[in-house]
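Residues per chain, in single letters:
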Amino acid sequence: MATISAGSGTNDDAPGPSDPRIDPDRLLATLSRFATFGATDGGGLNRLSLGDADGQARDELCAIARRRGYRVEVDPIGNIFITRPGLDETLPVVLVGSHLDSQPFGGRYDGAYGVLAGLEVLLSLDDAGVRTRRPVTLVDWTNEEGARFSPGLLGSGVVAGTISLADAQARTDADGITVGQELDRLGYRGAFDSSSLAVHRSFETHIEQGPVLERTGTDIGVVNGVQAIRWFDVLVQGQDRHAGTTAHSDRQDALVAAARLIDVVDQMADTVDEDLRATVGEIRVQPNSRNVIPGRAVLSIDLRHPDPARLDQAEEQLRRAAAEVGEQRGVRTEVHQVLEMPPTAFDAETTDLIRRAAASLGRSAMEMSSGAGHDSMNVASRAPASMLFIPCVDGLSHTQAEDIHDEWAVNGASVLLTAVRWAADEPAGHSPE
């Protein structure tokens, strides 16, 4: 169990009247304000990483921080670190935050809620005149979504050492523009050495992106880890021919073969395990013309499961099916793995702080794992980390229809504030490891 210092709250004591409180009106106004940066006609966001809208959101965040007198630092991959000083600046910080970039035509809360709830924590500590023992640092991670620059989790990946800074800055979008070029254009290629940042504990608040919390009427999801993820590109190479002159028996139709593989992936929950998440999210066809038999198709496949052994089964089935379909349809198939992320187990003490914070505020909570990847996976490789979820309407995310209720937003920020204050007041001799 984490040691809670005197005056920082306990498992059985709700915060007293003098303790900091979230300002609901300010939190909701801030969420609404940031939703204007990259707003779509459908009520969502198109705020791709390091685009103009992302730059506007970044500028607004930094402006708020500077008006409050916080320390604002930016590292060479564009991660923003905003620090509210503690009584002892030599102690490792408590880290909070998420990301401001979105999917194309995505939702207003995926990522952004975690950054702005973290901002509200800092502001609420100010309002109450609370000085924490440790500094509290808010982070906005660069390119979490990976929608414009691949891979996702790019900024946190550089800090965690899973990708080199040079490689990350050289990543290009569909137009050949590099991350480095956009960092320079927006003025967010900083010099802060984020690898030297000592982190005591890390908290990330996020919408669930699934339906469980809403369906069960639960206020808070206490996240114990993230399931394993593997991505594959499957190339199907046939022969493009004239649609009107090529007999059925002479066809090497790459799209038909790809469709057979899509069906295999769709049935994996039945053939491998019901907890497997198997998705074909993208298909690229050439020459992509109505009257030409497709000669080439590329499928992007996303496989997820808490148990890597189940992913081994799914991968084996995919590779076997690709070989069989290739032979049956007279096409060449290649399966390339492009990403492998092992399951992440979050720190038990940090997770317990979230659980106890929810209980102290009278909020219902349930333990759960995350089906989606988050920057906290990378943070967890170098510091004690955990996450807390709030519900989202109908479990919808990565869509303009993504939504949350005001009460949910306030609940999550309130639990975050309590957990962060407890962590930030842990004594210098306390080590979560």
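Owing to the predicted nature of the structure, the values given are computational and were not obtained by experimental measurement.

A.B. asks: What is the right way to look at the environment of tyrosine 188 in this model?
C.D. replies: Within the fold, tyrosine 188 resides in the loop between helix 6 (179-186) and strand 5 (199-207). Looking at tyrosine 188, the relative accessible area reads 7%, which means it is buried. The spacing of tyrosine 188 and glycine 152 is 36 residues in sequence and 18 Å in space, taken between C-alpha atoms. With residues up to four places along the chain from it excluded, the contact list for tyrosine 188 reads Arg58, Asp59, Cys62, Val74, Asp75, Gly78, Ile80 and Leu183. Polar contacts involving the side chain of tyrosine 188 include one to the main-chain carbonyl oxygen of arginine 58, which spans 3.5 Å.

A.B. asks: What's the story with helix 2 (residues 52-67) in this structure? I'm lost.
C.D. replies: Residues three or four positions apart in an α-helix share a direction because the helix packs 3.6 residues into each turn. Between the first and last C-alpha of helix 2 there are 23 Å, a value that for 16 residues agrees with the 22 Å anticipated at 1.5 Å per step. Residues of helix 2 that are buried: Ala53, Asp54, Gly55, Ala57, Arg58, Glu60, Leu61, Cys62, Ile64 and Ala65. Its buried side turned inward, helix 2 meets helix 1 (24-34), strand 1 (71-74), strand 2 (80-84), helix 3 (112-127), strand 4 (136-140) and helix 6.

A.B. asks: Could you clarify how one ought to interpret the sheet that holds strand 11 (residues 296-305) in this entry?
C.D. replies: Picture the strands of a sheet paired through backbone hydrogen bonds; they go either parallel or antiparallel. Strand order in the open sheet formed by four strands is 9-11-7-12, with antiparallel pairing between adjacent strands. Either end of the sheet is taken by a strand with one partner, and the two such strands are strand 9 (277-286) and strand 12 (332-341). Each adjacent strand pair in this sheet contributes to an overall mean axis angle of 15 degrees, direction not counted. Pairing geometry for strand 7 (residues 228-237) and strand 11, over ten bridges, is antiparallel. Within strand 11, the residue paired with alanine 228 across the bridge is histidine 305. The strands touched by helix 8 (residues 254-266) within the sheet are strand 7, strand 9 and strand 11, with strand 9 carrying the most contacts at an inclination of about 175 degrees. Taken strand by strand, helix 10 (residues 308-329) contacts strand 7, strand 11 and strand 12, and its axis lies near 5 degrees from that of strand 7.

A.B. asks: Just to check I follow, could you spell out the packing of aromatic side chains for this structure?
C.D. replies: Two numbers describe a pair of aromatic rings. These are the distance of the centres and the angle of the planes. Going through the model one piece at a time under the given rule, you end up with three aromatic pairs. Ring geometry for phenylalanine 34 versus phenylalanine 37: centroids 5.6 Å apart, planes at 85 degrees, classification edge-to-face. Of the two residues examined, phenylalanine 34 and phenylalanine 37, each falls in the buried class. With a centroid separation of 5.8 Å and 85 degrees between ring planes, the pair formed by phenylalanine 81 and tryptophan 141 is classed as edge-to-face. On the criterion of sequence distance, the pair formed by phenylalanine 81 in strand 2 and tryptophan 141 in the loop between strand 4 and helix 4 (154-160) is long-range, its members being 60 residues apart. Judged by its relative accessible area of 2%, phenylalanine 81 falls in the buried class. Following the ring pairs from residue to residue traces out a cluster consisting of Phe81, Trp141 and Phe192.

A.B. asks: Help me out: how do you make sense of the nonpolar core in this one?
C.D. replies: The nonpolar side chains of a soluble globular protein tend to be buried with one another. If you look at the biggest cluster of nonpolar residues, it comprises 69 residues, and the most contacted ones within it are Ile82, Tyr113, Phe203 and Ile404. The greatest single-element share of this core, amounting to twelve residues, is contributed by helix 13 (residues 406-424). Listed in part, the 24 residues of the second largest apolar core include Phe232, Leu276, Ala321 and Val335.

A.B. asks: Is there a simple way to think about helix 6 in this case?
C.D. replies: Considered for burial, the residues of helix 6 that qualify are Val179, Gly180, Glu182, Leu183 and Leu186. Summarising the axial view, the buried residues of helix 6 lie within an arc of 165 degrees, below the 170-degree limit, and thus occupy one face. Where helix 6 is buried, its residues contact helix 2, helix 4 and helix 5 (165-170).

A.B. asks: Looking at this structure, I do not really get a nonpolar patch on the surface. What am I missing?
C.D. replies: Nonpolar side chains collect at one region of the surface, where Leu255, Ile262 and Ile283 lie side by side and expose about 200 Å² of accessible area between them. The class for leucine 255 is partly exposed, based on a relative accessible area of 34%.

A.B. asks: Explain the confidence of the model for the chain here, please?
C.D. replies: If pLDDT is low for a region, its predicted coordinates should not be looked at in detail. Averaged over every residue, the pLDDT of the chain is 93; the share at 70 or more is 95%. Note that pLDDT drops below 50 for residues 1-17; the model gives that stretch 36 contacts with residues more than four away or on any other chain.

Quick notes on the rules
Residues numbered from 1 in each chain as written. Predicted model: local features only at pLDDT ≥ 70, side-chain atom pairs only at ≥ 80, totals over all residues. Heavy atoms only, no water. Helix = DSSP H or I, 4+ residues; strand = E, 2+ residues; numbered from the N terminus. Buried < 20%, exposed > 50% of the residue type's maximum accessible area, 1.4 Å probe, protein only. Contact = heavy atoms within 4.5 Å. Polar contact = N/O pair within 3.5 Å; in protein donor to acceptor, adjacent residues only side chain to side chain. Expected span 1.5 Å × (residues − 1). Pairing = 2+ DSSP bridges. Axes fitted to C-alpha atoms, helices over the stretch in contact; angles between N-to-C directions. Phe/Tyr/Trp six-rings, centres within 6.5 Å; stacked < 30°, edge-to-face > 60°. Core = buried A, V, L, I, M, F, W, Y, C linked by side-chain atoms within 4.5 Å. Arc of directions from axis to C-beta. Patch = residues over 30% accessible without salt bridge, like charges linked within 9 Å, V, L, I, M, F, W, Y side chains within 5 Å. Areas by Shrake-Rupley, 256 points an atom, 1.4 Å probe, with all protein chains shown as cover. Salt bridge = Lys/Arg side-chain N within 4 Å of Asp/Glu carboxyl O. pLDDT = per-residue confidence, 0-100.

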